[in-house]
Amino acid sequence: MERLQKVIAQAGVASRRKAEELISQGRVQVNGQTVREQGVKVSPNDKIEVDGIPLDKEQPVYYLFYKPTGVISSVKDDKGRKVVTDFFPNVEARIFPVGRLDYETSGALLLTNDGDLANKLMHPRYKIDKHYVAKIKGLITKEEVRKLARGIELEDGKTAPAIVKIESVDRKKGTSVISLTIHEGRNRQVRRMFEALGYEVQKLKRERYGFLDLKSMSPGDYRELKPYEVKQLKVAPLNGNSVT
Ligand code: URA
């Protein structure tokens, strides 16, 4: 017997948290009966439906996507803007992004229908390194780089220590390129870290997600993860070092 929300997540319909919401909203039926309470256990013989559609067990799939700028990290958008799944027209599995990159941020984004792994990777306990390169307006100082590395006070608390490096400074144009490796995944974190120092981010790219980089990929490309890569993501240690 498995918990209902886990079975829904494993079927690739939604993350486990989202599955709990679907249950509370009365959108899930077990053997024809609507179930609203959490924690109900089901067996493989139970007939589960979400919005009246039977749960068929999809094979888990895992993709690394090079998200271009100007794309929403979502599976649909009310305003009709481009979403990440528009780049997967031939993938029938119900994939969704693992976390998000801002509309204007490009770079490495995982998509999967494996709600369990997605939940795990998004959980703050799993300290997956994310490597960003930011181009900012202004000439950053070494002291400011040290501040970014030690942690910056933001409205939702101080950021965890990060690896921060000045890649280049263009004195003529008055811009700096800085790389940062962080393991937190707060909303607009990198942009807010620079804003806290008074800098505007002109360009932001996530070059690596854990051990996954964008080698030989162009914006809009995706590739399926190799089985050993999936395995490596699944064994990402708790509270430990990142998977790099
Ligand atoms: N930090 C940001 O500010 N934006 C992103 O998209 C990712 C990290």
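Reading the values: the criteria
- Throughout this description, residue numbers start from 1 for each chain and increase along the sequence as written.
- Selection of residues for local features in this predicted model requires a pLDDT of at least 70, selection of side-chain atom pairs for listing and counting requires 80 or more, and totals for whole chains, interfaces and linings are taken over all residues.
- Note that the side-chain values use all heavy atoms of the structure and ignore hydrogens as well as water.
- Proximity is defined per residue: if any heavy atom of the residue lies within 4 Å of a molecule or strand, that residue is considered near it.
- Polar contact criterion, stated in full: a pair of N or O atoms within 3.5 Å, where within protein one must be able to donate a hydrogen and the other to accept it, and residues adjacent in sequence count only if both atoms are side-chain atoms.
- Reported accessibility uses the Shrake-Rupley method at a 1.4 Å probe radius. Residues are deemed covered only where the shown protein chains occlude them.
- Buried and open spaces are told apart on a 1 Å grid over the protein atoms alone, a cavity being a set of points where a 1.4 Å probe fits but cannot get out and a pocket being an open set with protein on both sides within 12 Å along at least five of seven lines. Residues with an atom within 4 Å of a point are the lining residues.
- Think of it this way: if more than half of a molecule's atoms are within 2 Å of a pocket's grid points, that molecule is in the pocket or cavity.
- The secondary structure listing takes helices from DSSP runs of H or I that are at least 4 residues long and strands from runs of E that are at least 2 residues long, numbered from the N terminus.
- In this classification, the charged set is Asp, Glu, Lys and Arg, the nonpolar set is Ala, Val, Leu, Ile, Met, Phe, Trp, Tyr, Cys and Pro, and all remaining amino acids, among them Gly, are polar.
- Note: domain ranges come from an automatic or database domain assignment.
- Each pair of aromatic rings taken from Phe, Tyr and Trp, with Trp reduced to its six-membered ring, is defined by centres within 6.5 Å and is described as stacked if the planes are under 30 degrees apart, edge-to-face if over 60, and tilted in the remaining cases.
- Only protein chains enter the area calculation, which uses a 1.4 Å probe; residues under 20% of their type maximum are buried, those over 50% are exposed, and those in between are partly exposed.
- Pairing between two strands is assigned when DSSP locates at least 2 bridges connecting them.
- Grid points are joined across faces, edges and corners, and a volume is the space filled by probe spheres set on the points.

Tell me what's going on with the site of the ligand, and back it up with residues and numbers.
Near the ligand the following residues occur: Leu 101, Asp 102, Thr 105, Tyr 132, Arg 188, Gln 189, Val 190, Arg 191 and Leu 204. In this structure, an oxygen atom belonging to the ligand sits 3.1 Å away from a side-chain N or O atom of Thr 105. Here an oxygen atom of the ligand sits 3.4 Å away from a polar atom, N or O, in the main chain of Gln 189. Look at the ligand: alone it shows 230 Å² of surface, and the protein chains cover 96% of it. Given that more than half its atoms are within 2 Å of the pocket grid, the ligand belongs to the largest pocket. With three residues, helix 5 (residues 189–196) is the largest single contributor of residues to the shell around the ligand. Class assignment of the residues belonging to the shell around the ligand gives a composition of four nonpolar, two polar and three charged. Two domains share the shell around the ligand, each providing at least three of its residues, namely domain 2 (62–125 + 211–239) and domain 3 (129–209).

Go over the packing of aromatic side chains with me, naming the residues and quoting the values.
Across all of its chains, the model carries five aromatic pairs by this definition. Measuring from centroid to centroid gives 5.4 Å for Tyr 63 and Tyr 222, while their planes differ by 85°, and the two rings are edge-to-face. Of this pair, Tyr 63 sits in strand 7 (residues 62–67) while Tyr 222 sits in strand 17 (residues 222–224); the two residues are 159 residues apart in sequence, bridging distant segments of the chain. The class for Tyr 222 is partly exposed, based on a relative accessible area of 31%.

Any details on the pairing of strand 15 (residues 200–209)? Residues and values, ideally.
Where strand 9 (residues 105–112) and strand 15 come together, three bridges link them in parallel fashion. Paired with Thr 105 across the strands is Leu 204, a residue of strand 15. Of the pairings in the sheet, the one linking strand 10 (residues 130–137) to strand 15 comprises eight bridges and is antiparallel in character. Of the residues in strand 15, the one forming a bridge with Ala 134 is Leu 204. Here strand 15 pairs with strand 16 (residues 212–213) via two bridges, running antiparallel. Within strand 16, the position partnered with Tyr 209 by the bridge is Leu 212. In this structure, the hairpin formed by strand 15 and strand 16 is closed by a connection of two residues, where Gly 210 is found at a positive phi of approximately 60°.

An account of the layout of surface pockets is needed here, citing residue identities and associated values.
Reported here for the largest pocket is a volume of approximately 1400 Å³. What lines the largest pocket is a set of 49 residues, and nearest its centre among them are Ser 15, Phe 96, Pro 97, Gly 99 and Met 122. Contributions of two or more residues to the lining of the largest pocket are made by helix 2 (16–24), strand 6 (53–54), strand 8 (96–97), helix 3 (115–122), strand 10, helix 5 and strand 15. In terms of residue count, the dominant contributor to the lining of the largest pocket is helix 2 (four residues). Considered class by class, the residues forming the lining of the largest pocket number 22 nonpolar, 12 polar and 15 charged.

Would you mind going over empty space enclosed by the protein in detail, with residue names and values included?
Counted according to the given criterion, the structure contains one cavity of 30 Å³ or more. Taken as a whole, the largest cavity holds about 40 Å³ of empty space. Residue lining of the largest cavity: Tyr 62, Tyr 63, Val 98, Leu 110, Leu 111, Thr 112, Leu 117, Leu 121, Leu 225 and Leu 233, and that is the complete set. Going through the elements one at a time, strand 7, strand 9 and helix 3 are the ones with two or more residues in the lining of the largest cavity. Considering each element in turn, the lining of the largest cavity owes the most residues, three residues, to strand 9. Residue classes in the lining of the largest cavity are distributed as nine nonpolar, one polar and no charged.

Provide a residue-level description of the sheet that holds strand 6, including the pertinent values.
Across the sheet, four strands lie side by side as 3-2-5-6; this open sheet has antiparallel pairing. Single-partner strands in this sheet number two, and they are strand 3 (33–34) and strand 6. Summarising the sheet, strand 2 (residues 28–30) and strand 5 (residues 48–50) pair through three bridges and their orientation is antiparallel. From the neighbouring strand, Val 30 faces strand 5, where its bridge partner is Ile 48.

An account of unusual backbone geometry is needed here, citing residue identities and associated values.
If you check the backbone angles, Asn 31 has positive phi at about 50° while not being a glycine. Look at Asn 31 and you get partly exposed, because its relative accessible area is 45%. Backbone geometry places Ser 216, a non-glycine residue, at a positive phi of 50°. Looking at the element boundaries, Ser 216 is found in the loop between strand 16 and strand 17. On the basis of relative accessible area, Ser 216 is assigned to the exposed category, the value being 78%.

Taken by themselves, the reported measurements are silent on function.
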